[in-house]
Amino acid sequence: MQVNLNCNQPRPQFGMAFRRPSTSEMGVFTDTIIGNAGEYSAQILRKGLRQFDAEQAKLSRFDTRFNANEQSIEIIENATGKVIDKYGHFPYQTGLDVFGDIQYPGRKFFASIFNPKRLLPKEFHLAGEKAKQLETEAIKKENLTQNLF
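These numbers come from a predicted model, not from an experiment. Each chain carries its own residue numbering, running from 1 in the written order of its sequence. The predicted nature of this model means local features are confined to residues of pLDDT at least 70 and side-chain atom pairs, given and counted, to a pLDDT of 80 or more, with totals for whole chains, interfaces and linings taken over all residues. Hydrogens and waters are ignored; side-chain quantities use all the structure's heavy atoms.

S.K.: Got a minute to help me understand helix α4 (residues 122-148) in this structure?
M.R.: Per the convention used, a helix needs a DSSP run of H or I reaching at least four residues, while a strand needs a run of E reaching at least two, with both numbered from the N terminus. Helix span, expected: 1.5 Å multiplied by one less than the number of residues in the helix. Taking 1.5 Å per residue as the helical rise, α4 with its 27 residues ought to reach 39 Å, and the 39 Å between its terminal C-alpha atoms agrees with that figure. Burial in α4 covers these residues: K122, E123, F124, H125, A127, G128, A131, L134, E135 and A138. Contacts are assigned to residue pairs with any non-hydrogen atoms lying within 4.5 Å of each other. The elements touched by buried residues of α4 are β1 (18-19), α1 (26-35), α2 (42-57), β2 (62-67), β3 (72-77) and β4 (83-88). When a residue's accessible area, from a 1.4 Å probe over protein chains only, is under 20% of the maximum for its type it is buried; when over 50% it is exposed; and in between it is partly exposed.

S.K.: Help me understand unusual backbone geometry, please; the structure alone is not making it clear to me.
M.R.: The phi torsion of most residues other than glycine is negative, and most of the peptide bonds are trans. Its identity is not glycine, yet Q71 carries a phi of approximately 50°, on the positive side. On the secondary structure map, Q71 appears in the loop between β2 and β3. You can call Q71 partly exposed: its relative accessible area is 31%. Although it is not a glycine, Y92 adopts a positive phi angle of roughly 60°. Examined against the element boundaries, Y92 turns out to sit in the loop between β4 and α3 (107-114).

S.K.: How do you make sense of the environment of E129 when you look at a structure like this?
M.R.: Inspection of the secondary structure assignment puts E129 in helix α4. Residue E129 is classed as partly exposed on the basis of its relative accessible area of 32%. Residues E129 and E55, spaced 74 residues apart in sequence, show a C-alpha to C-alpha distance of 9.7 Å. A distance of 3.2 Å separates polar atoms of two side chains, one belonging to E129 and the other to K132. Under this definition, polar contacts are N or O atom pairs within 3.5 Å; protein pairs additionally need one hydrogen-donor-capable and one acceptor-capable atom, and for neighbouring residues in sequence, both atoms have to be side-chain atoms.

S.K.: Is there a simple way to explain the nonpolar core in this structure?
M.R.: Residues belong to a common nonpolar core when they are buried Ala, Val, Leu, Ile, Met, Phe, Trp, Tyr or Cys residues joined through side-chain atoms within 4.5 Å. In terms of nonpolar packing, the biggest core is built from 24 residues, with F29, I33, L49, I75, L119, L120 and F124 touching the most fellow members. Among the elements of the structure, α1, α2, β2, β3 and α4 are those that each provide at least two residues to this core. Once residues within four sequence positions are removed from consideration, L120 is found in contact with I33, L45, G48, L49, F52, Q93, T94 and G95.

S.K.: Looking at this structure, how should I read the packing of α2 against α4?
M.R.: If you want to describe how two helices pack, look at the angle between their axes and the distance between the axes. Direction vectors running N to C along α2 and α4 enclose 15°, while the axes themselves pass 10 Å from each other. If you check the angle between α2 and α4, you find them roughly parallel. Between α2 and α4 lies a crossing of left-handed hand. Counting all contacts with α2, which are made through L49, F52, E55 and Q56, the residues of α4 involved are F124, G128, A131 and K132. Amino acids are sorted into nonpolar (Ala, Val, Leu, Ile, Met, Phe, Trp, Tyr, Cys and Pro), charged (Asp, Glu, Lys and Arg) and polar (every other residue, Gly among them). Of the residues contributing to the contact of α2 with α4, the split by class is four nonpolar, two polar and two charged. Only the stretch in contact is used when a helix axis is fitted, and all axes are lines through C-alpha atoms; the angle between N-to-C directions ranges over 0 to 180 degrees. Angle categories are assigned with fixed cut-offs, so that under 35 degrees is roughly parallel, over 145 is roughly antiparallel, 65 to 115 is roughly perpendicular, and the rest are oblique. It is the rotation of the near helix from the far one that decides the hand of a crossing: anticlockwise by less than a right angle makes it left-handed, clockwise makes it right-handed.

S.K.: Help me understand the sheet that holds β1 in this model?
M.R.: Paired through backbone hydrogen bonds, the strands of a sheet run either parallel or antiparallel to each other. If you trace the four strands from one edge of the open sheet to the other, you get β1-β2-β3-β4, paired in mixed fashion. Looking at the sheet topology across the chains shown, the edges are occupied by β1 and β4. As paired elements, β2 and β3 share six bridges and run antiparallel to each other. Within β3, the residue paired with D63 across the bridge is I76. Two strands make a pair as long as DSSP finds a minimum of two bridges between them.

Function-wise, these values are silent; they only describe arrangement.
What follows is the structure in structure tokens.
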């Protein structure tokens, strides 16, 4: 874990990659997660959020943040603090509803056991995958630059 203290931000970021909502935003955050829950229990959603947190914690160049005003997930570049991409709220859709994914019987059951983050709202899944993709591309560029010089 690393501590990033940027003078432009009021609170230090601890390299967690998913920036926790403030206490005033927490109500909207939980409503967004629980609002899409449908048949899924709070325990499975907590496991999914922990899995999402753990995957995002591995990223060092990009963070994801919940924006309560727009009910969206933003991808932020750590070096500049700029919002790179934003995914709005998809009502009543989860990460299992991503277009192009293979649909098979029992996918909800297997997701609840092996990949509970897919049961979070769709915007969490899309933002998390995009942040991982951007991180991979940034590492490739850095490695290419280092090999050239």
